[in-house]
Amino acid sequence: MSNSGLRLMLVKVSADNGKKFRLFFPISLNVFRELLDSFVDLTSLVCVFTPKTPKKSSHLSVRAVRELLRSLIILLGTINDDGPYDLINVDADNVTVKIKIR
């Protein structure tokens, strides 16, 4: 258990299709939450200029995206220091995606 309070989100994407491709990206959880908060602010600004009812051809409205981002911020805020979390661990067609919080 870490006493520093620094929570990292580790994103790892790897593909094995003859050539090995690996992408490992650590980001602080606090920085990621601030980035999401900035996106919520931007979507709030966009909501001022968009109609409240989306067109039938659009699948996802800007307001729905804003609410999803707010929910994600709340979800990330509930993560405590009990231990490392594996948020995503998917293997499909020689591609592996893992997202961990340590």
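Scroll up to find the structure this text is about.
Residues numbered from 1 in each chain as written. Predicted model: local features only at pLDDT ≥ 70, side-chain atom pairs only at ≥ 80, totals over all residues. Heavy atoms only, no water.

Draft legend 1. The packing of helix 1 (residues 29–49) against helix 2 (residues 62–77), seen in detail. Between helix 1 and helix 2, the shortest axis-to-axis distance is 9 Å and the interhelical angle comes to 160°. Between helix 1 and helix 2, the angle falls in the class roughly antiparallel. Along this stretch, helix 1 crosses helix 2, giving a crossing that reads as left-handed. Together, Leu29, Phe32, Arg33, Leu36, Asp37, Phe39, Val40, Thr43, Ser44, Val46 and Cys47 of helix 1 and Val62, Arg63, Val65, Arg66, Leu69, Arg70, Leu72, Ile73, Leu76 and Gly77 of helix 2 make up the contact between the two elements. Considered class by class, the residues forming the contact of helix 1 with helix 2 number 13 nonpolar, three polar and five charged. (Axes fitted to C-alpha atoms, helices over the stretch in contact; angles between N-to-C directions. Helix = DSSP H or I, 4+ residues; strand = E, 2+ residues; numbered from the N terminus. Parallel < 35°, antiparallel > 145°, perpendicular 65-115°, else oblique. Left-handed = near helix turned anticlockwise from the far one by under 90°. Contact = heavy atoms within 4.5 Å. Nonpolar A, V, L, I, M, F, W, Y, C, P; charged D, E, K, R; others polar.)

Draft legend 2. Spotlight on the sheet that holds strand 4 (residues 95–101). Within the open sheet, the four strands sit side by side as 2-1-4-3. Their pairing is antiparallel. Unpaired on one side and paired on the other, strand 2 (20–28) and strand 3 (85–92) mark the two borders of the sheet. Pairs of neighbouring strands in the sheet enclose a mean axial angle of 5°, with direction left out of account. Strand direction decides the pairing type here: strand 1 (residues 8–16) and strand 2, joined by nine bridges, are antiparallel. (Pairing = 2+ DSSP bridges.)

Draft legend 3. Layout of the environment of Asp16. With respect to the helices and strands, the residue Asp16 is situated in strand 1. Here Asp16 falls in the partly exposed class, since its relative accessible area comes to 40%. Placed 75 residues apart in sequence, Asp16 and Asp91 show a C-alpha to C-alpha distance of 11 Å. (Buried < 20%, exposed > 50% of the residue type's maximum accessible area, 1.4 Å probe, protein only.)

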